[in-house]
Amino acid sequence: MLTILQLQRYGDRIANESEEYGLALICYARAHSRRKVKSVLDLLTSYCLVQSRAYPAAADMDEQLRSLIEQPKTCLTAIAAVDDEAARILQFYFSGYATLRRFYEIRDEAVTLKEGQQPRYTPLERKKAAAAALTAVIRSAADSIYGGLYDPDRDTALQVDGLLALLGEATVFVDRKFHPCSSLTIKSEEKKQG
């Protein structure tokens, strides 16, 4: 059985020498290093925001990261069977990155489909699902400025530093017309369809 220090050092080596983010996250979580788990997820979140896409691409994910993304309950249950605290740490911090990644995957679904694949969502459903995921991410990032004042001691799943970029991503959902009863494009399209 590896000690906490060994797990943390192994996670450091993985994080510095490879792009196996999932393995590094699991090592840091098993070492109960909240700071390092958050650091890796902040890095992944930053890459997503800078590139305005899900990062890493599905084809480039390591097996552990893929498992955390595609089968979170199964993966976290397996980790909890060995180390309950590690599973709690991962669940809390990973949720923000996973939701941001989901936003980009939903938003970009139409352009990333392979030939012959059917989209999971209609255009309106895709817009609604993407908006819901982005809203959850924005709320999470803004959680440390609850009430309008920044609280550095408040632990959040997403860094507040990305809030401006997240709000920029939300501008596509805002109706372009400037008038007193401006509403989300989603609502305007619903009225047209209804």
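Everything numeric in this text was worked out from a predicted model, so none of it was measured.

Q: For the overall build of the protein, give the residues involved together with the corresponding values.
A: Looking only at helices and strands, one finds 10 helices and 0 strands in the protein. Going from the N terminus to the C terminus, the protein shows its helices and strands as α-α-α-α-α-α-α-α-α-α. Evaluated residue by residue, the protein yields a buried proportion of 40% over its 194 residues. Across the protein, the fraction of contacts at a sequence separation of at least 24, relative to all contacts at a separation of at least 6, is 60%. Accessible area for the protein stands at about 11,700 Å²; split by element, carbon and sulfur atoms hold 54% of it.

Q: Any chance you could break down the packing of helix α4 (residues 63–70) against helix α6 (residues 84–107) for me, citing the residues and the numbers?
A: A pair of packed helices can be characterised by two numbers: the angle between their axes and the separation between those axes. Packing of α4 against α6 leaves a shortest axis separation of 10 Å and a crossing angle of 80 degrees. Considered as vectors, α4 and α6 are oriented roughly perpendicular to each other. From α4, L65, L68 and I69 reach across to α6, where they touch L90, F94, Y97, A98 and R101.

Q: How would you summarise unusual backbone geometry if you had to cite specific residues and measurements?
A: Among all residues save glycine, negative phi is the norm, and among peptide bonds the norm is trans. The omega angle of the peptide bond from Y55 to P56 is -10 degrees, so this bond is cis rather than trans. Relative to the assigned elements, P56 resides in the loop between α3 (34–51) and α4. Its identity as a non-glycine residue notwithstanding, H32 has a phi of 60 degrees, on the positive side. Position of H32 relative to the elements: it lies in the loop between α2 (21–30) and α3. With relative accessibility at 35%, the residue H32 sits in the partly exposed group. The phi angle at S52 is positive, at roughly 50 degrees, despite the residue not being glycine. Inspection of the secondary structure assignment puts S52 in the loop between α3 and α4.

Q: So what about helix α9 (residues 163–170)? Which residues, and what values?
A: For α9, every residue scored as buried is listed here: L163, L166, E169 and A170. All buried residues of α9 lie within an arc of 115 degrees about the axis, which places them on one face of the element.

Q: Account for the packing of α3 against α6, naming residues and giving values.
A: Relative orientation of the contacting elements α3 and α6 amounts to 5 degrees, with a least axis distance of 10 Å. The angle between the axes of α3 and α6 places the two elements in the roughly parallel class. Counted together, R34, V37, K38, L41, L44, T45, C48 and L49 of α3 and E85, I89, L90, Y93, F94, Y97, L100 and Y104 of α6 form the full contact between these two elements.

Q: Before we move on, could you go through the confidence of the model for the protein and cite the residues and values that matter?
A: The predicted coordinates should not be examined in detail at positions where pLDDT is low. With 89% of its residues at a pLDDT of 70 or more, the protein shows a mean pLDDT of 89. Considering each helix and strand of the protein separately, the mean pLDDT is smallest for helix α10 (residues 185–193), with a value of 53, and largest for α6, with 97. Note on residues 179–186: pLDDT is under 50 here. Beyond four places in sequence and across chains, it has 18 contacts.

Q: Summarise the pattern of salt bridges; cite the residues concerned and give the values.
A: On inspection of all chains with the given rule, the structure shows 13 salt bridges. The partner of D84 in a salt bridge is R88, with the nearest N and O atoms 2.3 Å apart. Taken together, the positions of D84 and R88, both in helix α6 and 4 residues apart, correspond to about one turn of that helix. Judged by relative accessible area, D84 falls into the partly exposed class, the value being 41%.

Q: Just give me the short version of the side chain of S33, but keep the residues and values in it.
A: One can find S33 in the loop between α2 and α3. If we skip the residues at most four places from it in the chain, S33 touches Q8 and Y28.

Q: Let's hear about the environment of R101: which residues, and what values?
A: Examined against the element boundaries, R101 turns out to sit in helix α6. According to the relative accessible area criterion, R101 is buried, its value standing at 1%. Taking the C-alpha atoms as reference points, R101 and L44, separated by 57 residues in sequence, lie 9.5 Å from one another. Apart from residues lying up to four places away in sequence, R101 is in contact with A54, Y55, P56, A57, A58, M61 and I69. A polar atom in the side chain of R101 sits 3.2 Å from the backbone oxygen of Y55.

So, how was this worked out
Residues numbered from 1 in each chain as written. Predicted model: local features only at pLDDT ≥ 70, side-chain atom pairs only at ≥ 80, totals over all residues. Heavy atoms only, no water. Helix = DSSP H or I, 4+ residues; strand = E, 2+ residues; numbered from the N terminus. Buried < 20%, exposed > 50% of the residue type's maximum accessible area, 1.4 Å probe, protein only. Contact = heavy atoms within 4.5 Å. Areas by Shrake-Rupley, 256 points an atom, 1.4 Å probe, with all protein chains shown as cover. Axes fitted to C-alpha atoms, helices over the stretch in contact; angles between N-to-C directions. Parallel < 35°, antiparallel > 145°, perpendicular 65-115°, else oblique. Arc of directions from axis to C-beta. pLDDT = per-residue confidence, 0-100. Salt bridge = Lys/Arg side-chain N within 4 Å of Asp/Glu carboxyl O. Polar contact = N/O pair within 3.5 Å; in protein donor to acceptor, adjacent residues only side chain to side chain.

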